[in-house]
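Overview (structure and organization)
Chain by chain, the residues:
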There are 2 protein chains.
Amino acid sequence: MPLIKTNYIFITKIIIINFTIMKRKVTLKQIAKELDVSISTVSKSLRNSLEIGEDTRLKVQAFAKFYNYKPNNIALSLKNRKTKTIGIIIPEIVHHFFSTVINGIEQVANENGYSVIICLSDDSFDKEVLNMEMLANGSIDGFIMSLSKETQFKGDFHHITEVIDQGMPVVMFDRVTNEILCDKVIIDDKLSAYEAVQSLIDKGRKKIALVTTVDYVSVGKLRTDGYIKALLDNNIPFDENLIIKIEDVDTCEIIIGKLLEDKAIDAVFAVNELFAVICIKTANKIGLNVPKDLAVIAFTDGIISKYSTPTITTVSQSGIKMGNKAAKMLIERLESEHEDEEEENYKTEVIETHLIERESTS
Amino acid sequence: MPLIKTNYIFITKIIIINFTIMKRKVTLKQIAKELDVSISTVSKSLRNSLEIGEDTRLKVQAFAKFYNYKPNNIALSLKNRKTKTIGIIIPEIVHHFFSTVINGIEQVANENGYSVIICLSDDSFDKEVLNMEMLANGSIDGFIMSLSKETQFKGDFHHITEVIDQGMPVVMFDRVTNEILCDKVIIDDKLSAYEAVQSLIDKGRKKIALVTTVDYVSVGKLRTDGYIKALLDNNIPFDENLIIKIEDVDTCEIIIGKLLEDKAIDAVFAVNELFAVICIKTANKIGLNVPKDLAVIAFTDGIISKYSTPTITTVSQSGIKMGNKAAKMLIERLESEHEDEEEENYKTEVIETHLIERESTS
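Residues numbered from 1 in each chain as written. Chains lettered and ligands numbered in written order. Predicted model: local features only at pLDDT ≥ 70, side-chain atom pairs only at ≥ 80, totals over all residues. Heavy atoms only, no water.

1. A word on the sheet that holds strand S6 (residues 208-212) of chain B
Paired through their backbone hydrogen bonds, the strands of a sheet run either parallel or antiparallel. All names here are of chain B. Spatial ordering of the open sheet is given by S7-S6-S8-S9-S10-S12, a layout of six strands whose pairing is mixed. In this open sheet, the two edge strands, each paired with only one partner strand, are strand S7 (243-245) and strand S12 (354-356). This sheet shows a mean twist of 20° between the axes of neighbouring strands, independent of strand direction. In terms of strand pairing, strand S8 (residues 267-270) meets strand S9 (residues 295-299) through four bridges, oriented parallel. If you follow Phe 269 over to S9, its bridge partner there is Ile 297. In the packing of helix H10 (residues 189-202) onto the sheet, contacts are made with S6, S8, S9, strand S10 (313-316) and S12, and the angle to S9 comes to roughly 165°. (Pairing = 2+ DSSP bridges. Helix = DSSP H or I, 4+ residues; strand = E, 2+ residues; numbered from the N terminus. Axes fitted to C-alpha atoms, helices over the stretch in contact; angles between N-to-C directions. Contact = heavy atoms within 4.5 Å.)

If you want it as structure tokens, here you go:
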């Protein structure tokens, strides 16, 4: 009788320790903290996932039951009322790209009588799980989200599966995963990177560096693939020393300085405009002229590219259009008559990018 | 018997027209749309405000009653459960300043076990009212907010009074109003502007323009006061033609171009970094050198100032510190033992600013 035994000892303990939280609704986070396990473990245990050992699973379930933990009453709330609210989960908002996606979502949402609530995962898996749990608990009708770095690193998407399984639609944008079947809005990161690098080659540049993020961010990986393909298609040997992976913006300047001084490159393709502007500043400091000595292209057209000196040529990844499209897809699904649509119905919309030529390459 | 008569005709009409929405919870917005009045009118009518004519008031009340409209059950929800969630309402997120405030709030909130939900008013009064109504309806424990331009223009703060009256704490930051008694976090906009302009005068600049926003934004007004005081204290005649009020960023470049060409100024104090960088780009275009011919200082230290060429001297208005402080004040109030604290207990915290000297003034 492992269940009864576990429950008994366990409940005795928690009654003594946790008398104070009894009146409140217990959350995933509190359960995790109390039992000293991860949020993911709690969440999986409550779904009875066999990934979690029986002992832990039963302990979590007993605790949850004792404190009347209620998993999201999504199905219930969907049947009974519409909140007419869309929940957005994004990694961060300091980057201009995510701000513009939000503006794009707001436009279409407001036109259709929906409000919008935003939560930040801060690129943390735990925060993503907690925020989804909080919002799914009756505050919203559906999600529009871009995955956190840590979620992509872990490859753990059970919290998203859970929400979808309970009937709440999810639309992913930009940082998506093939492991979840749902509506998605992306750009063709590989093709866009390919075209940007090709444009540098067309201008006679031969030693092109790639300044990118760490590998597990899906879009970074795809842009790297596009960069390599463009080189090889033009018979330019691929040199992996010309790929610089930035994990922390604070060290970016030093790493780029080393690249510029050691490798004698004549162009940089940067996966975001912050990396690009740091390249330009660093190049200027060591006496290089942009674009004469060094051509620079950035991914994502934002405010920095427009106002830096020289202005920066960018791959415009229209955040507004992505947001518009994501909101349209979610609202269509929310207002569709067919609640039990087939999985093959899910669409992946590819938003076109284009190169905005500015001073940094001309 | 105006009430009964009104109700009768009215209810007959709405039963016919609106049978479809009967099962749903009716919102302020739906009532406003249905009766073709503003959201503010609905909201005030439900509070029985004498600002609204009796006829309209009774009509709104009858409609609300018929559809079981429930004003925020804040007091109830506060007594029964804590959501451990903070609601943020800000005008927009494209400006770096608001993003950093959010990061500051998230830091302290997460340390204290609170989640954060963000809604954008998009500088619209109606969106501010609707978002507050939505969040106050059980999703959050308290608000941290910065007023929309339109709210400041209208001077209508009844939605905030309502929330506070029902026992939900509100902390305002940056764009605040004296008409609401609550905790506030501000910088001394007047003094900070004074010091920035004084630093330009100390460097020998004599013809200093102010590039600012329209008057009804509270911080813009205060910064203008500081600018004028610094000039007068230094016996520099105040010329109102040197104050440029930008309503729309798209026209900013033309207006600034005219200022630079017509007025032969030697310095600009801009109330945000976007205006400052546009000044620099425009000055460069007409052959002026920054800082030699034109010194530039911007309010708010953001990503543009750091990466523009030349880099821009700024008044650092620490968004992180503001966010930290606002979150601390809200959480203290939420967790205070004394639920019915006296009004005089409200504090206004002033966050110190400092001048970050960069290339645009040196």
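Back to the text.
2. Some thoughts on the relation of the copies chain A and chain B
The relation between the two copies of this chain is a rotation about an axis and a shift parallel to it. Between the two copies, chain A and chain B, the superposition gives an RMSD of 0.1 Å; the rotation angle is 180° and the shift along the axis is 0.0 Å. Viewed as a symmetry operation, the transformation between the two copies matches a two-fold axis. (Least-squares fit on C-alpha atoms with pLDDT ≥ 70 in both.)

3. Considering the sheet that holds strand S7 (residues 243-245) of chain A
All names here are of chain A. On the basis of which strands lie adjacent, the open sheet formed by six strands has the order S7-S6-S8-S9-S10-S12 and mixed pairing. At either margin of the open sheet sits one strand with a lone partner, and together these are S7 and strand S12 (354-356). Taking the axes of each pair of neighbouring strands and ignoring which way they run, one obtains an average angle of 20° across the sheet. Sheet strands touched by helix H13 (residues 273-285): strand S6 (208-212), strand S8 (267-270) and strand S9 (295-299). Its angle to S9, the strand with the most contacts, is close to 160°.

4. Side note on the interface of chain A and chain B
Each partner contributes residues to the interface: chain A has 39 residues there, and chain B has 39 residues. Together chain A and chain B conceal approximately 3200 Å² of surface at their shared face, both sides included; 61% is due to carbon and sulfur atoms. The interface formed by chain A and chain B includes two salt bridges. Linking chain A to chain B there are 10 residue pairs in polar contact (both at pLDDT 80 or more). For the side of chain A that touches chain B, the secondary-structure elements that each account for two or more residues are helix H6 (96-111), strand S2 (115-120), helix H7 (125-136), H13 and helix H14 (303-307) of chain A. Looking at side-chain class alone, the side of chain A that touches chain B contains 16 nonpolar, 12 polar and 11 charged residues. (Buried area = accessible area lost by both parts, 1.4 Å probe. Salt bridge = Lys/Arg side-chain N within 4 Å of Asp/Glu carboxyl O. Polar contact = N/O pair within 3.5 Å; in protein donor to acceptor, adjacent residues only side chain to side chain. Nonpolar A, V, L, I, M, F, W, Y, C, P; charged D, E, K, R; others polar.)

5. Describing the environment of Arg175(B)
Residue and element names in this part refer to chain B. When you line up the elements, Arg 175 lands in the loop between strand S4 (170-173) and strand S5 (183-187). Arg 175 sits 41 residues away from Tyr 216 along the chain, and the two C-alpha atoms are 10 Å apart. With residues up to four places along the chain from it excluded, the contact list for Arg 175 reads Pro 91, Phe 98, Asp 123, Ser 146, Leu 147, Ser 148, Lys 149, Gln 152, Val 217 and Ser 218.

6. Describing the domain arrangement of chain A
Residues and elements named next belong to chain A. By the assigned domains, chain A splits into domain 1 (2-71), domain 2 (82-186 + 320-350) and domain 3 (189-317). Tallying the contact residues gives 10 residues for domain 1 and 11 residues for domain 2. Across the interface of domain 1 and domain 2, roughly 920 Å² is buried in total on both sides, 53% from carbon and sulfur atoms. Broken down residue by residue, the surface that domain 1 buries against domain 2 is led by Ile 39, Ser 40 and Arg 47, which jointly contribute 48%. Across the pair Lys 44 and Asp 156 runs a salt bridge, and its minimum N-O distance is 3.3 Å. (Domains from an automatic or database assignment.)

7. Examining the pattern of salt bridges
Residue and element names in this part refer to chain A. Within this structure, the stated rule accounts for 30 salt bridges over all chains. Residue Asp 183 pairs with Arg 333 through a salt bridge whose shortest N-O separation is 2.5 Å. With a gap of 150 residues between them, Asp 183 in strand S5 (residues 183-187) and Arg 333 in helix H15 (residues 319-334) connect regions that are remote in the sequence. Summarising the burial analysis for this pair, Asp 183 and Arg 333 share the class buried. (Buried < 20%, exposed > 50% of the residue type's maximum accessible area, 1.4 Å probe, protein only.)

8. Notes on helix H2 (residues 28-35) of chain A
All names here are of chain A. Among all positions in H2, only Leu 28, Ile 31, Ala 32 and Leu 35 are buried. Down the axis of H2, the buried set is contained in an arc of 100°. They therefore lie on one face. Remark: Asp 36 follows H2 within two positions and exhibits a positive phi of approximately 55°. (Arc of directions from axis to C-beta.)

9. Some thoughts on the packing of aromatic side chains
All names here are of chain A. Considering all chains together, one arrives at six aromatic pairs over all chains under this definition. An aromatic cluster is defined as three or more aromatic residues linked by ring pairs; in this entry it consists of Phe 97, Phe 98 and Phe 173. Between Arg 223 and the ring centre of Phe 299, over which it is positioned, the NZ or CZ distance is 3.7 Å. (Phe/Tyr/Trp six-rings, centres within 6.5 Å; stacked < 30°, edge-to-face > 60°. Lys NZ or Arg CZ within 6 Å of the ring centre and 35° of its normal.)

10. Examining the environment of Ile31(A)
Residues and elements named next belong to chain A. On the secondary structure map, Ile 31 appears in helix H2. Along the chain, Ile 31 and Asp 301 lie 270 residues apart, while their C-alpha atoms are 43 Å from each other. Not counting chain neighbours up to four residues away, the residues in contact with Ile 31 comprise Val 26, Val 42, Val 60, Phe 63, Ala 64 and Tyr 69.

11. As for the side chain of Asp156(B)
Residues and elements named next belong to chain B. By the element assignment, Asp 156 lies in the loop between helix H8 (149-154) and helix H9 (158-165). For Asp 156, a relative accessible area of 9% translates into the label buried. Side chain to side chain, Asp 156 and Ser 40 meet in a polar contact 3.0 Å long. Those residues in contact with Asp 156 that sit more than four places away from it in its chain are Ser 40, Lys 44, Phe 125 and Thr 151.

12. Some remarks on the nonpolar core
In this structure, Phe269(A) and Phe269(B) are the most contacted members of the largest nonpolar core, which totals 153 residues. In this structure Phe269(B) touches Ala193(B), Ala196(B), Val197(B), Leu200(B), Ile208(B), Ala209(B), Leu210(B), Val211(B), Ile297(B), Phe299(B) and Val315(B), once residues within four positions along its chain are discounted. (Core = buried A, V, L, I, M, F, W, Y, C linked by side-chain atoms within 4.5 Å.)

13. Digging into the packing of helix H2 (residues 28-35) of chain B against helix H4 (residues 54-66) of chain B
Residues and elements named next belong to chain B. Relative orientation of the contacting elements H2 and H4 amounts to 125°, with a least axis distance of 11 Å. Taken together, the axes of H2 and H4 are oblique relative to one another. Every pair of crossing elements has a handedness; the one defined by H2 and H4 is right-handed. Contacts between H2 and H4 involve Ile 31, Glu 34 and Leu 35 from the former and Lys 59, Val 60, Phe 63 and Ala 64 from the latter. Broken down by class, the residue content of the contact of H2 with H4 amounts to five nonpolar, no polar and two charged. (Parallel < 35°, antiparallel > 145°, perpendicular 65-115°, else oblique. Left-handed = near helix turned anticlockwise from the far one by under 90°.)

14. Regarding the state of the cysteines
This model, assessed by the stated rule, comprises zero disulfides over all chains. A disulfide-free cysteine, Cys119(A) has its sulfur positioned 8.9 Å from the sulfur of Cys119(B), the nearest such atom. Given a relative accessible area of 0%, Cys119(A) falls into the buried group. (Disulfide = S-S within 2.5 Å.)

15. Quick look at the confidence of the model for chain A
All names here are of chain A. Per-chain confidence: chain A averages 85 in pLDDT, with 87% of residues scoring 70 or above. For chain A, the element scoring lowest by mean pLDDT is helix H1 (residues 2-17), at 43; strand S4 (residues 170-173) scores highest, at 98. Segment residues 1-24: pLDDT under 50, and 23 contacts once partners within four positions in sequence are set aside and those in other chains are kept. Note on residues 73-79: pLDDT under 50 across the span, and 11 contacts to partners over four residues away in sequence or across chains. This complex was scored by the predictor with a pTM of 0.78 and an ipTM of 0.76. (pLDDT = per-residue confidence, 0-100.)

16. So, the environment of Thr161(A)
All names here are of chain A. By secondary structure assignment, the location of Thr 161 is in helix H9 (residues 158-165). On the basis of relative accessibility, which here comes to 27%, the residue Thr 161 falls in the partly exposed class. For the pair Thr 161 and Asn 289, spaced 128 residues apart in the sequence, the C-alpha separation amounts to 50 Å. Residues in contact with Thr 161, not counting those within four places in the same chain, are Arg 47 and Ile 180.

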